[in-house]
Amino acid sequence: MARSFYPAEHYAPEPQQVSLLPFRFARLSGQELLVNEAGEFLFAPEGTTQSLADGVVDVRSELYKDLKAKHIVFDDTSSPLLDVLATKIRTKYDHLSGGTKLHIFVVTLRCEHSCHYCQVSRQTATKGEFDMSEATADRSISLMLDSPSPHVTLELQGGEPLLAFDIIQYIVPRAKEQAQLRGKGLDIVVTTNLACATDEMLTYFRDEGVRVSTSLDGPAFLHNKNRPRPGNDSYERAIDGIERSRAILGFNNVAALMTTTAASLDHVEEIIEEYVRRDFHTIFLRPISPYGFALKTKTKTGYEMERFLEFYKKGLNHILAINRGGYRLTEIYSQILLSKILTPQGTGYVDLQSPAGQAWNVLVYNYNGDVFASDESRMLAEMQDWTFRLGNVHRDNRHSLFTSEAALNMFEVSCNQSLAGCSDCAFQSYCGADPIYHHATQGDMYGHRPTSGFCKRNMEVIKHLFAFINEDDPQTMGIFWAWLTGNPLPVQVAKCD
Amino acid sequence: MEIDTQSPLPQGTVTIHVRHDLVSVDALLKTCYWFSRDFVCDVSRDSEKQSTVRLKPKAGSDHPLDEAQEQFMAAALDFALRERVTVQTLSVRDLLLAKAFSESGVLEEQPLGVFGDAVEEAKPDGMFKILSNS
Amino acid sequence: MRLTTAGLARNMKGAVVGRITTQDLPFHDRTEHIRFLPEGIEQSSDLSGYRAILSHDDVVTEFPVIERLRESDHFRDGDVIVMEGESGFVRSLYRPYERHHSMFVTERCSSNCLMCSQPPKDHDDVESLTKRNQELIGLMRPAPDYLTITGGEPTLLGDHLFQLIDQLSTALPTTELHVLTNGRTFAWPEYAQRFAAVGHPNICLGVPLYSDCAGDHDHIVQAKGAFDQTVAGLHQAARNGIRVEIRVVLHRLTIPRLAKLAEYIYRNLSFVEHVALMGLEYVGYTPRNIGELWIDPFDYQAELERAVNSLVMRGITVSIYNHQLCVLKPSLWPFAQKSISDWKNLYLPECERCSALAECGGLFKWAVKKHSEHIRAL
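How each quantity is defined
Residues numbered from 1 in each chain as written. Chains lettered and ligands numbered in written order. Predicted model: local features only at pLDDT ≥ 70, side-chain atom pairs only at ≥ 80, totals over all residues. Heavy atoms only, no water. Helix = DSSP H or I, 4+ residues; strand = E, 2+ residues; numbered from the N terminus. Rg over C-alpha atoms; globule rule 2.2 N^0.38 Å. Buried < 20%, exposed > 50% of the residue type's maximum accessible area, 1.4 Å probe, protein only. Contact = heavy atoms within 4.5 Å. Areas by Shrake-Rupley, 256 points an atom, 1.4 Å probe, with all protein chains shown as cover. Lys, Arg positive; Asp, Glu negative; His and termini not counted. Charge placed at Lys NZ, Arg CZ, Asp CG, Glu CD. Axes fitted to C-alpha atoms, helices over the stretch in contact; angles between N-to-C directions. Parallel < 35°, antiparallel > 145°, perpendicular 65-115°, else oblique. Left-handed = near helix turned anticlockwise from the far one by under 90°. pLDDT = per-residue confidence, 0-100. Disulfide = S-S within 2.5 Å. Phe/Tyr/Trp six-rings, centres within 6.5 Å; stacked < 30°, edge-to-face > 60°. Lys NZ or Arg CZ within 6 Å of the ring centre and 35° of its normal. Buried area = accessible area lost by both parts, 1.4 Å probe. Salt bridge = Lys/Arg side-chain N within 4 Å of Asp/Glu carboxyl O. Polar contact = N/O pair within 3.5 Å; in protein donor to acceptor, adjacent residues only side chain to side chain. Nonpolar A, V, L, I, M, F, W, Y, C, P; charged D, E, K, R; others polar.

A. A look at the overall build of chain B. Summing up its helical and strand segments, chain B has four helices and three strands in all. Its helices and strands in sequence order give chain B the pattern β-α-β-β-α-α-α, from N to C terminus. Taken over the C-alpha trace, chain B has a radius of gyration of 27 Å; the compact-globule value for 134 residues is 14 Å, which it surpasses by more than 25%. C-alpha extents for chain B along the principal axes are approximately 85 × 30 × 25 Å. Within chain B, the proportion of its 134 residues that are buried is 37%. Across chain B, contacts joining residues at least 24 apart in sequence account for 49% of those joining residues at least 6 apart. By element, 55% of the accessible surface of chain B is carried by carbon and sulfur atoms, the whole surface being about 7,800 Å². Counting 14 positive and 22 negative side-chain charges, chain B places the centres of these two groups 4 Å from one another.

Structure, rendered in structure tokens:
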């Protein structure tokens, strides 16, 4: 009647057979980084992958237990829990469910700025010529809500959208009404330089629940250099606009993004200090857009990418120091990658998805009804490159947009799992595919990885973040996790014992 | 095991002989793909068992030539290793992805092992026998 | 606090469950009650209409009675007890004034953990205990905030568990249920669906997971395949919207990989709402296996802190149970709960001078035999 106890060997016998689960590897900091199919990683001693391939890992070792726990091996003493692993893989692909979530409406091309990197704006156009018509707006709203996603975000863009405020006032109530009728959640955000934002406009946005996203490239000298306008006061107007927007809409409804230009590259600490001075708690060290001028100087791309990477690393160090001082400042690009590396979640950031987020997760509705796979594809069209124009709201429905030649050509090369250079890469789960970038910079949607700026940038940043992860400094990791969870920054704790 | 090499030729070219019992053609080509950023890779098939690669630095590249040989060999062996892992995991990967993208419950495994205590297992209509029949 | 006693049973068949009263209640109020006659009381009142009589001394009566109790000073008005006619045992089932309440549903279990505090018995007690618990549920007043359903392994009750939970949702709708289960049965999708279908509004599973490594976990719970079943079970539970909590007993076999277990929970079981890290109880099987299990809690504070930080950093709620404040690192005090059930609670002599006495949970009563070397007044 009484039960016996059995020793450990009874429950963990020598396996007759050790099998591998799919994984990729890279050599980093004298170790091997192994990454499984769900993006979970393990740092292992050099030679581990060879031992795994040869089937000679010591099954009694702690390393073997680690490999099993991380779903890199399985054996006949315990099921590989394939269903659990499959669930984790599915979670990473969550961005696929629901279809297009971000819908960018270009309400006008008119703009009073003449930023160097912008190809689209029309400074001298008269009202109406490059504005979205009511008919186009109606069709665009309808198409937006055809997306299967239960929740969509409508982003009002331009040119400078506030120059077409009357069109915004046409779109907003109709979008909300239609969203409610069709049972979908709707978020609206307006992307504006705020230079001509009146209090009436801001009040309107507050009343309609529209959030504001604006640009702040750094301190005055840099911001104004990047963004010429009559009076050369883009910075002053931006700051004034930010203050008034916060007062009227509330602090949390005003966000700022920076555009990194060649001029920015030597001033990362000043840019960061500007964000802190202006009480922002997020900053996005975005790479230089390859579109516009940079495209014309292709040979300089490699050099510029090196300089950007220096900019990023120096910037991240400075940002970490600021966080250690108790001021919460999240670097968004790092946060997106850390989320892919450290958490079970995927990402909603369209530029780092595989299948690529363009078209699939974002659509751009131009003022004339042309539908593009991304904002960058719209800029290519300004240079008469129509490769990524999917159709037009007046001629197409969702089905024809997504089965257009432009869409299908793009989808074919959208999965990094099957692209040369990416299919074996250890960072595949953390990176993405960007056919539009490769088309613009290399003349080929498929992309040539060894010379790709997209590849170089992501690989270097990912390696840089893994160096932090491997170092495992409690305070740095505490800061990263505070970014990821939204929880407070770690408190400085005195070391005991 | 080693890949035979010759010392660099005077013009700044590196020659590497690759044995296909260690590194397959595919693995070799993948290595050349990555090295094509800094080198022109001239590959010739000597025989069923061996190919030769000549690496010539591209203009504007500052990749040190003396390191290139060693790095090429190491990279080629790594690609060969990846191939072995891929071959061993091909079918389970297909299964995993099929499960990940299938409807809930459709491709799931039946629970394995003994679930009950001695009392339950002794019952002819024990709950786990019923569950396994449903 | 005493749980059981015994006496001489007369006029009784089977078990009687009822609520204790020392008062001479009006006749129409007597039906749910057991009349208790403490030591020295004069027996003069009318004893009819009660479910049974309980008496410290001899009592003259033809009604169901257990008299000549070994001990009886632990009984209070409002306690719900069960009196067993065959053996004369009297067990306290519910005491309204206590902080922690549990309902015991079976001694059967599909695991056989090395440190089990309630060693399983292969005797089918499901029918009799279910009947008893159905009565108990009807008598639990005032309704407790929380009720732990425990055993053994509750899922071995099959449909009876669903009936009990259903009865609880009607009789005690505001009581939050905590079902302690090894989770293995939930690996059957049909079981998890049926459990969820009972639809109790406020229920959570407490499931032990002792390692990220199947072999280690199976060894600790002494059941092959248990790890796989538990992890699969947790997933099925989550898929059916059943809330889950993970429990880890801390001892020499679980401490070495504790931080890795934390990471495993985060990556594979991210839906868990709470992780409970529990001190070892020197009771049940533990004394027998103490050689394999014992590690002074004072000596594993570094590993414990690492695991706690790892979970907290990732946004998972953590609690530490059954640890004295003097053996815990001060940084871990915010996570320590004053959790030892009232009937198990004890403090050592050195505790009397301790400034943290009010915040500390104390020790289990069996800690007299085995406790940390580092208990000291703070």
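Next, the rest of the story.
B. Inspection of the environment of C:A6 at higher detail. Residues and elements named next belong to chain C. With respect to the element layout, A6 can be found in strand β1 (residues 4-6). Using a relative accessible area of 10% as the deciding quantity, one classes A6 as buried. Sequence-wise, A6 and I66 are 60 residues apart; in three dimensions their C-alpha atoms are separated by 8.0 Å. Excluding residues within four positions of it along the chain, A6 makes contact with R68, L69, R70, G88, F89 and V90.

C. Up close: the packing of helix α13 (residues 332-342) of chain A against helix α18 (residues 453-471) of chain A. All names here are of chain A. Close contact between α13 and α18 brings their axes to 10 Å; oriented N to C, the two are set at 70 degrees. Our classification of the angle between α13 and α18 gives roughly perpendicular. Considering how the two elements wind past one another, α13 and α18 form a crossing that is right-handed. Here Y333, S334, L337, L338, I341 and L342 of α13 come into contact with α18, specifically with R457, N458, V461, I462, L465, F466 and I469.

D. Representation of the confidence of the model for chain B. Confidence in the prediction of chain B, expressed as mean pLDDT, is 87, and 92% of residues score 70 or more. Scored as a whole, the predicted complex attains pTM 0.93, and scored at its interfaces, ipTM 0.91.

E. Representation of the confidence of the model for chain A in the model. Here chain A averages 92 in pLDDT, while 95% of its residues score no lower than 70. In the predicted structure, residues 493-497 of chain A sits below a pLDDT of 50 and forms one contact with residues beyond four places in sequence or in another chain.

F. View of the state of the cysteines. Residues and elements named next belong to chain A. Under the criterion given, the structure shown has zero disulfides over all chains. The cysteine C415 is free of any disulfide, with C422 supplying the nearest cysteine sulfur at 11 Å. Accessibility expressed as a relative area gives 26% for C415, which makes it partly exposed. Cysteine C455 is unpaired, with the sulfur of C422 as its nearest cysteine sulfur at 6.4 Å. Judged by its relative accessible area of 10%, C455 is buried.

G. Here's a closer look at the packing of aromatic side chains. Using the criterion set out here, one finds 36 aromatic pairs over all chains in the structure. Relative to A:F411, the ring of A:W360 lies with its centre 5.7 Å away and its plane at 85 degrees, an arrangement referred to as edge-to-face. A residue pair is termed long-range when its members are at least 10 positions apart, and A:W360 in the loop between α13 and β13 (362-365) and A:F411 in helix α16 (residues 405-412) qualify at 51 residues. A residue is classified by how much of its surface remains accessible, and A:W360, at 29% relative accessible area, is partly exposed. A relative accessible area of 22% means that A:F411 is categorised as partly exposed. Its end group placed over the ring of B:F79, B:R82 keeps NZ or CZ at 5.1 Å from the ring centre.

H. Representation of the interface of chain C and chain A. Contacts between chain C and chain A engage 38 residues on the former and 36 residues on the latter. Of the roughly 3,100 Å² buried between chain C and chain A, counting both surfaces, carbon and sulfur atoms make up 51%. Applying the counting rule to chain C against chain A returns six salt bridges. With a shortest N-O distance of 3.0 Å, A:D66 and C:K260 are connected by a salt bridge. Put simply, chain C and chain A have 17 residue pairs in polar contact (both at pLDDT 80 or more) between them. Those elements that place two or more of their residues in the side of chain C that touches chain A are α4 (214-221), α5 (226-239), α6 (258-268), α7 (286-293) and α8 (301-313) of chain C. Ranked by the residues each element gives to the side of chain C that touches chain A, the list is headed by α6(C), at six residues.

I. Molecular detail of the pattern of salt bridges. In the structure shown here, the tally under the stated rule is 64 salt bridges over all chains. Ionic pairing is found between A:K70 and C:E263, a salt bridge with its closest N-O pair at 3.4 Å. Remark: C:E263 occurs in helix α6 and A:K70 occurs in the loop between α3 (62-69) and β5 (73-75); the pair is interchain, linking two chains. Just as A:K70 is buried, C:E263 falls in that class too.

J. Structural view of the interface of chain B and chain A. On the chain A side, the residues contacting the 26 residues of chain B number 33 residues. A buried area of about 2,700 Å², summed over both sides, lies between chain B and chain A, and 62% of it is on carbon and sulfur atoms. Linking chain B with chain A are five salt bridges, by the criterion used here. For A:R27, the salt bridge identified is with B:D78, shortest N-O distance 2.6 Å. Among the secondary structure elements, those contributing two or more residues to the side of chain B that touches chain A are α1 (25-35) and α2 (65-101) of chain B. Among the elements that take part in the side of chain B that touches chain A, α2(B) stands out by supplying 16 residues, more than any other. Its residues assigned to classes, the side of chain B that touches chain A shows 12 nonpolar, four polar and 10 charged.

K. How the structure looks around the packing of helix α7 (residues 199-208) of chain A against helix α9 (residues 234-249) of chain A. Residue and element names in this part refer to chain A. As a packed pair, α7 and α9 sit with axes 9 Å apart at the nearest point and diverge in direction by 40 degrees. If you check the angle between α7 and α9, you find them oblique. Regarding α7 and α9, the two cross each other, and that crossing is right-handed. Two secondary-structure elements touch here, α7 through D199, L202, T203, F205 and R206 and α9 through R244, S245, I248 and L249. The class makeup of the residues in the contact of α7 with α9 is four nonpolar, two polar and three charged.

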